[in-house]
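Structural features, examined
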Amino acid sequence: MDNLNGLDNSTLLAHLRSTLGNERQTLASFLRYLAEVEARGLHAQTGHPSLFSYCTMVLALKEAEAYSRIHAARQASLYPVLLDRLTNGSICLTTIRQISPHLTAANIEKILATVGGKTTREIDKIVVTLAEAARPAARAAAPRNAAPEQPPLFSEAPSAAATAAPKLKPDRLRYVTPQQVEVRFTANEALVAKLDRAKGLARSKGVGSTLEGLFDHVIEVYLNQCDPERRLKRQHNRRPRAGSAHGAGGSSRYIPQAVKDTVYARDGGRCVYTTAEGQRCPALVGLEYEHRTPHARGGSSIDPANIELLCRTHNQLAAKREFGEGFIADAVRYRRQSAVNTARAE
Ligand SMILES: [Zn+2]
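Residues numbered from 1 in each chain as written. Predicted model: local features only at pLDDT ≥ 70, side-chain atom pairs only at ≥ 80, totals over all residues.

**Considerations on the overall build of the protein**
Basically, it comes down to this: Only DSSP runs of H or I with at least four residues qualify as helices, and only runs of E with at least two residues qualify as strands; both kinds are numbered from the N terminus onward. To sort residues by exposure, count the other C-beta atoms lying within 10 Å of each residue's C-beta; 20 or more gives buried, 12 or fewer gives exposed, and values between give partly exposed, all with C-beta atoms placed from the backbone. What counts as a contact here is a pair of residues whose C-beta atoms, placed from the backbone, lie within 7 Å.
Each helix and strand in the protein was counted, giving 15 helices and 4 strands. Within the span of the protein, comprising 346 residues, buried residues form 17% of the whole. In the protein, 57% of the contacts between residues at least 6 apart in sequence involve partners at least 24 apart.

Okay, structure coming up:
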């Protein structure tokens, strides 16, 4: 780096400003490239379950940096004017996160004019006011004003349009000492009521009255019930029962739990998709058990060698290769339609 001592004050200030301008310009370009990478699905082709995974593992972005850039890139592909405002410095990535639940093509210019040059806290207040004003209207005319649905940032997260009231604070895990982690999240009232109930029950069972003790107990119960590794361990400890090999249903698409547990242990609880260069997908959650030779083509559901763990992204990529793009589009349409029908039936 150049030695700055030789610069006179006005040149130093000019350089400071021009560097900042370049940084904003570069950020806007980065977001455009990022949106294009996602549109082409290049993160999946390079072995990643989500764009978030690609950004943190390949681009070495920190989680928060990746999150805010992906979010901004998606918003900017809906509303390109955001890139101009980022470039001229009237908004930043935080502003985009704050205002995005409220943006529509009709109000974006007005909102941008209101928030330009404001502090984060001032924008918070503007956003809360917008949310309050929109709430009765949103209830009256829900689907018409709904924001377009976007894929989740984390492939394992449930997809939900940001039409609900904004979260107060993002979930957070933060080290407070080398051995202790602060866990923070915002809960709705129904969950708090369940927590109170569980706390009462737990106290009577001698679990203790702290939230930490309660969570530890509840998660133990959950893991005992749902963790394939624990189920396998219990099976090993049990004496084998006569005639219960891998369950019934050799010609069924249904994969017996014992087969799933064997596959889970073999695949190490991780997506097995691996690129030609040997890069294996890092996804550990949101995994699905899939037939290597599809059931429709005679593949077995009870032979663990024909079953593998895939994340949703790579399950879809595999199906695309096996059956072609049209099949996937039909299957997604069918899934959405089923969801709509289920919702209507309720
Ligand atoms: Zn994967």
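**Here's the deal with the pairing of strand β1 (residues 172-177)**
As a reminder, the rule being used: Only strands joined by at least two bridges in the DSSP assignment are considered to pair.
Along β1, only 0 of the 6 residues are buried, which leaves the element largely exposed. Relative to strand β2 (residues 180-184), β1 is paired through 5 bridges, and the arrangement is antiparallel. By the bridge assignment for β2, L173 is matched with V183. The loop that links β1 with its antiparallel partner β2 comprises 2 residues.

**Considering the packing of helix α12 (residues 228-237) against helix α13 (residues 257-266)**
Two numbers describe a pair of packed helices, the interaxial angle and the distance between the axes. What counts is decided by this rule: Only the stretch in contact is used when a helix axis is fitted, and all axes are lines through C-alpha atoms; the angle between N-to-C directions ranges over 0 to 180 degrees. Our angle categories are set so that under 35 degrees counts as roughly parallel, over 145 as roughly antiparallel, 65 to 115 as roughly perpendicular, and the remainder as oblique. By convention the crossing between two helices is left-handed if the near helix lies anticlockwise of the far one by an angle smaller than a right angle, and right-handed if it lies clockwise. Residue polarity is assigned by list, with Asp, Glu, Lys and Arg as charged and Ala, Val, Leu, Ile, Met, Phe, Trp, Tyr, Cys and Pro as nonpolar; anything else, Gly included, falls into the polar class.
Where α12 contacts α13, the axes come no closer than 9 Å and their chain directions differ by 115°. Taken together, the axes of α12 and α13 are roughly perpendicular relative to one another. Like other packed secondary-structure pairs, α12 and α13 cross with a definite hand, here left-handed. Here P228, E229, R231 and L232 of α12 lie close against α13, whose contacting residues are K260, D261, Y264 and A265. Of the residues contributing to the contact of α12 with α13, the split by class is 4 nonpolar, no polar and 4 charged.

**Overview of the packing of helix α1 (residues 9-40) against helix α4 (residues 63-78)**
One can describe the packing of α1 onto α4 by two numbers: an axis separation of 8 Å at closest approach and a directional angle of 80°. Taken as axis vectors, α1 and α4 run roughly perpendicular relative to one another. Across the interface between the two elements, F30, L31, L34 and A35 from α1 touch R69, I70, A72, A73, R74, A76 and S77 from α4. The residue makeup of the contact of α1 with α4, split by class, is 8 nonpolar, 1 polar and 2 charged.

**A look at unusual backbone geometry**
Located in the positive-phi region is A60, a residue other than glycine, with phi close to 60°. Relative to the helices and strands, A60 is located in the loop between α3 (51-57) and α4.

**Some points on the environment of I255**
With respect to the helices and strands, the residue I255 is situated in the loop between α12 and α13. Taking the C-alpha atoms as reference points, I255 and Y289, 34 residues apart in sequence, are found 8.1 Å from one another. Every residue in contact with I255, bar those within four places of it in the chain, is listed here: K260, Y289, S301 and I307.

**Regarding the environment of T262**
Inspection of the secondary structure assignment puts T262 in helix α13. Residue class for T262 comes out partly exposed when judged on the 18 C-beta atoms lying within 10 Å of it. Spatially, the C-alpha atom of T262 lies 7.5 Å from that of L232, the residues being 30 residues apart in sequence.

**Structural notes on the nonpolar core**
Our working definition: To count as a nonpolar core, a set of buried Ala, Val, Leu, Ile, Met, Phe, Trp, Tyr and Cys residues must be joined through C-beta atoms within 7 Å.
One finds L31, C55, I70, A73 and A76 to be the most contacted residues of the largest nonpolar core, which totals 22 residues. Among the secondary structure elements, those contributing two or more residues to this core are α1, α3, α4, α5 (81-88), α6 (93-99), α7 (108-115) and α8 (120-140). Counting residues per element, this core draws most heavily on α4, which supplies 5 residues. The residues contacting L31, other than those within four sequence positions of it, are R69, A72, A73, A76 and L83. If you look at the next biggest cluster of nonpolar residues, it comprises 13 residues, including V259, C271, L287 and L309.

**Focus on the confidence of the model for the protein**
For clarity, the cut-off: The pLDDT value tells you how sure the predictor is about a given residue, anywhere from 0 up to 100.
For the protein, the average pLDDT comes to 81, and 78% of its residues sit at 70 or higher. Segment residues 242-249 is flagged for pLDDT under 50; beyond a separation of four residues in sequence, or across chains, it makes 11 contacts in the model. Under a pLDDT of 50 for its full length, residues 340-346 has, in the predicted model, 0 contacts with residues more than four places off or in other chains.

**Description of the environment of P256**
Relative to the helices and strands, P256 is located in the loop between α12 and α13. Residue P256 is classed as partly exposed on the basis of its C-beta count, with 18 C-beta atoms lying within 10 Å.

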